[in-house]
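Each chain is listed here by its residues.
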Amino acid sequence: MSRNKITKVAAVVLLAAGAAVCARYTIFAQSTNVPTLSTNQFMGTNTFIKPAPAVLKKQLTSEQYAVTQEAATEPPFANEYWDNHAPGIYVDVVSGQPLFSSLDKFDSGCGWPSFTEPLSGTNVVERADSSFGMDRTEVRSALADSHLGHVFDDGPGPTHLRYCINSASLRFIPVDKMEAAGYGKYLDPFIKAGLYKPKTAQ
């Protein structure tokens, strides 16, 4: 066999081996509970790729999946964060994207976490929602397109808005864990409010 033929055969074998490895990795990633950014240090919006529905079903609880992916609503007064008063931020349970701050949270009496405004207006998307015969404004996360809840115009000043959000769509990051979790850029308001002291000052 000539040297050229040997080279071509070797190249074909290497390509086939590489394809097999890629195929095995794809099957593994789709069939296992691969951690997402919501369970690890937040690395920023540029690195997030939304998992396939089959993977999300393994990573989320049934209620989290129903709320974020199917726009379900959890029961009032029987959810994780409706009466949480600890300082910190609330992030998208799917992507880890920062969404709301405890500094903007208030007791609306509705039984769901309520906020006067999001951390950043660009982190949430609002859409008209006419489901169930009602005209409402749905709130979704910008990065993972998770259903979060709805926003109403009956909140306190200065915004007079009430972002009524499902706990199941959120993950709470306590203020003393924010820096380690990759959310240090959001600490300044808590420092100014006297709720957190930088490690260099402790």
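**Q** Just give me the short version of the sheet that holds strand S6 (residues 136-141), but keep the residues and values in it.
**A** Strand pairing within a sheet occurs via backbone hydrogen bonds; the two strands may be parallel or antiparallel. In spatial order, the strands read S3-S4-S8-S7-S6-S5; together these 6 strands make up an open sheet with antiparallel pairing. The sheet is open, and its two borders are formed by strand S3 (105-106) and strand S5 (124-129), each paired with just one other strand. Where strand S7 (residues 147-152) lies against strand S8 (residues 162-165), 4 bridges are found, and the strand directions are antiparallel. Its bridge partner being in S8, Gly149 is matched across the sheet by Ile165.

**Q** Describe in detail the nonpolar core, supporting the description with residues and values.
**A** Judged by nonpolar contacts, the single largest core of 13 residues is most densely connected at Tyr90, Phe100, Phe115, Leu148, Tyr163, Ile165 and Leu170. At the level of secondary structure, the elements contributing two or more residues to this core comprise strand S2 (98-101), S7, S8 and strand S9 (170-174). Grouped together as the second largest cluster of nonpolar side chains are 11 residues, Met178, Ala181, Tyr186 and Leu187 included.

**Q** Kindly report on the side chain of Lys105, identifying the contributing residues and their values.
**A** With respect to the helices and strands, the residue Lys105 is situated in strand S3. The buried charged residue Lys105 lacks any salt bridge, with Asp83 as its nearest oppositely charged partner at 6.8 Å. Polar contacts involving the side chain of Lys105 include one to the main-chain carbonyl oxygen of Tyr81, which spans 3.1 Å. For Lys105, the side chain forms a polar contact with the main-chain oxygen of Asn84, separated by 3.1 Å. Discounting chain neighbours no more than four positions away, the residues touching Lys105 are Tyr81, Trp82, Asp83, Asn84, Tyr90, Pro113, Ser114 and Phe115.

**Q** Break down the pattern of salt bridges for me, citing the residues and quoting the values.
**A** Note on pairing: side chains with opposite charge can pair once their charged atoms come close. Under the counting rule described, the total for this entry stands at 6 salt bridges. Linking Asp145 and Arg127 is a salt bridge whose minimum nitrogen-to-oxygen distance equals 3.1 Å. With Asp145 in the loop between S6 and S7 and Arg127 in strand S5, the pair connects residues that are 18 residues apart, well separated along the chain. Linked through salt bridges whose partners overlap, the residues forming this network are Arg127, Glu138, Arg140 and Asp145.

**Q** An account of the sheet that holds S9 is needed here, citing residue identities and associated values.
**A** Read across the open sheet, the 3 strands follow the order S2-S1-S9; overall the sheet is antiparallel. In the strand order of this sheet, the two ends are held by S2 and S9, each with one partner. The average undirected angle you get between the axes of adjacent strands in this sheet is 30°. Sheet topology note: the strand S1 (residues 88-92)/S2 ladder contains 3 bridges and is antiparallel. What sits directly across from Ile89, in S2, is Ser101.

**Q** Hey, could you go over unusual backbone geometry for me, with residue numbers and the actual values?
**A** Of the consecutive residues Gly157 and Pro158, the connecting peptide bond is found in the cis state with omega at 5°. Mapped onto the elements, Pro158 comes out in the loop between S7 and S8. Positive phi, normally seen in glycine, also occurs at Phe132, with a value near 60°. Of note, Phe132 is situated in the loop between S5 and S6. For Phe132, a relative accessible area of 74% puts it in the exposed group. Notably, Asp145 is not glycine yet its phi reads approximately 60°, a positive angle. With a relative accessible area of 29%, Asp145 lands in the partly exposed category.

Calculation criteria
- Residues numbered from 1 in each chain as written.
- Predicted model: local features only at pLDDT ≥ 70, side-chain atom pairs only at ≥ 80, totals over all residues.
- Heavy atoms only, no water.
- Pairing = 2+ DSSP bridges.
- Helix = DSSP H or I, 4+ residues; strand = E, 2+ residues; numbered from the N terminus.
- Core = buried A, V, L, I, M, F, W, Y, C linked by side-chain atoms within 4.5 Å.
- Buried < 20%, exposed > 50% of the residue type's maximum accessible area, 1.4 Å probe, protein only.
- Lys, Arg positive; Asp, Glu negative; His and termini not counted.
- Salt bridge = Lys/Arg side-chain N within 4 Å of Asp/Glu carboxyl O.
- Polar contact = N/O pair within 3.5 Å; in protein donor to acceptor, adjacent residues only side chain to side chain.
- Contact = heavy atoms within 4.5 Å.
- Axes fitted to C-alpha atoms, helices over the stretch in contact; angles between N-to-C directions.

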